[in-house]
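What follows is the residue order along each chain.
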Amino acid sequence: MSSREHEVVLIPGDGIGPEVTEAAVQVVEAAGVKIAWERVEAGADVFQKYGTPLPDPVLNAVRTAGSALKGPIGTPVGGGFKSANVLLRQSLDLYACVRPVRTIPGLPVPFAGVDLVIVRENTEGLYSGLEHRVAPGVVESLKVVTERASLRIARYAFELARREGRKRVSAVHKANIMKLSDGLFLECAQRVARDFPEIDYDEIIIDNCAMQLVTRPQQFQVLLLDNLYGDILSDLCAGLVGGLGVVPGSNVGADCAVFEAVHGSAPDIAGQGVANPIAVILSAAQLLRHLGEDDAARRIEAGVHATLAEPALRTADLGGSAGTADIARAIAERACP
Ligand code: NAI
């Protein structure tokens, strides 16, 4: 255990965000890592006050600290302010969204042996925010794909595969229809693949990939996807291993990283103390690895597995009746040094 105190930004977020991030803070403290959390607000309430869901001081705080743990932030549908999540990723150039999807031992799930990593391009594609009304009844959304962003996300995916001893990277696309945009994404992946001869590279059309994932998910090791495909398949993959309550994630750039679960703000269960905090707790474990606190990260992950092995210690999304605080306490006890 390092005795150094780390500075990390904490963005509690909306809906279940404050409940699940508080649970993660409790577990990290129990694991013996010293963190000076700088709590900052972003989201709908902040928009009412400042006219933006993501004020500059939030961005500056993350830039200065270099890392953040973030709860989900809700975004209005069909109008209203731009997604604070997309703004955060674009403003800080957090270009790689990384989501490990693994079967958790002891948890009854549809598939055994799933162990894949989603590597999603996080800054462009159809999330560029370029939409306009061409004429009454006609709108356009622009999908932007650049060589620079495609090369760097492909490189990230291959480097991750090499680092983790994974043998194959699969680029997921729709280049049969979007010949230029997805075509460029694939061309860049092919160029990067040549620098990694020990790693197999293949390509799969997204509709087939979706079907393969729900029939034989164990065949995939690293999925390399653009922004929209990565967003959609992240939730699908979460469903393979227990749902949104258990899958962590990170948004990584050259200068900083923001750790957050795959799930959203779950307004349907917010404030009831029943949300599953495990996805954010596992995201916090990834944060600890990023800070060099590998031992504490391992203890937290082992604590999650030991907790989930007991059916009485599961939240409603996993078929149990435990509350957020029960799970946080159980993992904290098991993660102590
Ligand atoms: P959601 O992920 O919030 O919820 C989908 C379903 O999963 C709901 O039934 C919810 O109760 C359940 N769920 C999610 N997380 C859970 C947890 N930790 N424990 C137990 N059950 C959980 O997706 P939804 O409803 O489509 O989106 C709600 C809001 O969240 C939207 O405004 C959306 O824009 C935002 N969102 C934010 C994200 C972020 O901040 N990174 C990511 C995804 C959505």
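Here, residues in each chain are numbered from 1, in the same order as that chain's written sequence. Local features in this predicted model are restricted to residues whose pLDDT is 70 or higher, and side-chain atom pairs enter the listing and the counts only when it is 80 or higher, whereas totals over whole chains, interfaces and linings include all residues. The basis for every side-chain value is the complete set of non-hydrogen atoms in the structure, without hydrogens or water.

As for the site of the ligand
The criterion for a residue being near a molecule or strand is simple. One of its heavy atoms has to lie within 4 Å of it. In the vicinity of the ligand, 21 residues are found, and the nearest of them are Ile-73, Thr-75, Gly-264, Ala-266 and Asp-268. Between N or O atoms, a polar contact is any pair within 3.5 Å; within protein, one atom must be a potential hydrogen donor and the other a potential acceptor, and residues adjacent in sequence are included only when both atoms are from side chains. The separation between an oxygen atom of the ligand and a polar side-chain atom of Asn-85 is 3.0 Å. At 3.4 Å, a side-chain N or O of His-263 approaches a nitrogen atom of the ligand. Values of accessible area rely on a 1.4 Å probe in the Shrake-Rupley scheme; residue burial ignores everything except the protein chains shown. For the ligand, whose accessible area on its own is 810 Å², the fraction buried by protein is 68%. Tallied by class, residues from the shell around the ligand come to 9 nonpolar, 7 polar and 5 charged. Note that Gly is not counted as nonpolar here; it falls among the polar residues with everything else outside the nonpolar set of Ala, Val, Leu, Ile, Met, Phe, Trp, Tyr, Cys and Pro and the charged set of Asp, Glu, Lys and Arg.

Thoughts on the domain arrangement of the chain
Where a domain begins and ends is set by an automatic assignment or by a domain database. Splitting the chain by domain gives domain 1 (1–98 + 244–337) and domain 2 (110–240). For domain 1 versus domain 2, the separation of C-alpha centres amounts to 24 Å. Interface area lost by domain 1 to domain 2 is led by Tyr-95, Cys-97 and Val-98, which between them contribute 42%. One side-chain nitrogen of Lys or Arg within 4 Å of one carboxyl oxygen of Asp or Glu is enough to make a salt bridge. At the junction of domain 1 and domain 2, the tally comes to 2 salt bridges. With a closest N to O distance of 2.8 Å, Asp-93 and Arg-152 form a salt bridge. Two parts lose some accessible area (1.4 Å probe) when they are put together, and adding that loss for both gives the buried area.

A few points about the side chain of Ser-234
Among the structural elements, Ser-234 can be located in helix 8 (residues 227–240). Throughout this description, buried means an accessible area under 20% of the type-specific maximum (1.4 Å probe, protein chains only), exposed means over 50%, and partly exposed covers the range between. Here Ser-234 falls in the buried class, since its relative accessible area comes to 1%. Polar contacts involving the side chain of Ser-234 include one to the main-chain carbonyl oxygen of Gly-230, which spans 2.6 Å. Any pair of residues with heavy atoms lying within 4.5 Å of one another is described as a contacting pair. The residues touching Ser-234, leaving out its near neighbours within four places in the chain, are Arg-99, Ile-118 and Val-262. Counting from the N terminus, the helices are the DSSP runs of H or I reaching at least four residues and the strands are the DSSP runs of E reaching at least two.

Examining the pairing of strand 9 (residues 200–205)
Strand pairing is assigned whenever DSSP detects at least two bridges linking the two strands. When strand 8 (residues 168–173) meets strand 9, the two strands line up parallel, connected through 6 bridges. Bridging from a neighbouring strand, Arg-168 pairs with Asp-200 of strand 9. Once the chain exits strand 8 it traverses helix 6 (residues 181–193) before rejoining the sheet at strand 9, and the crossover so formed is right-handed. The path from the first strand over the helix to the second decides the hand: if it runs clockwise while the strands point away from the viewer, the crossover is right-handed.

Brief notes about the pairing of strand 6 (residues 131–135)
Summarising the sheet, strand 6 and strand 7 (residues 138–141) pair through 4 bridges and their orientation is antiparallel. Bridge pairing links Arg-133 to Val-139 in strand 7. Hairpin connection, strand 6 to strand 7: the antiparallel pair is bridged by 2 residues, and Gly-137 has positive phi, about 85°.

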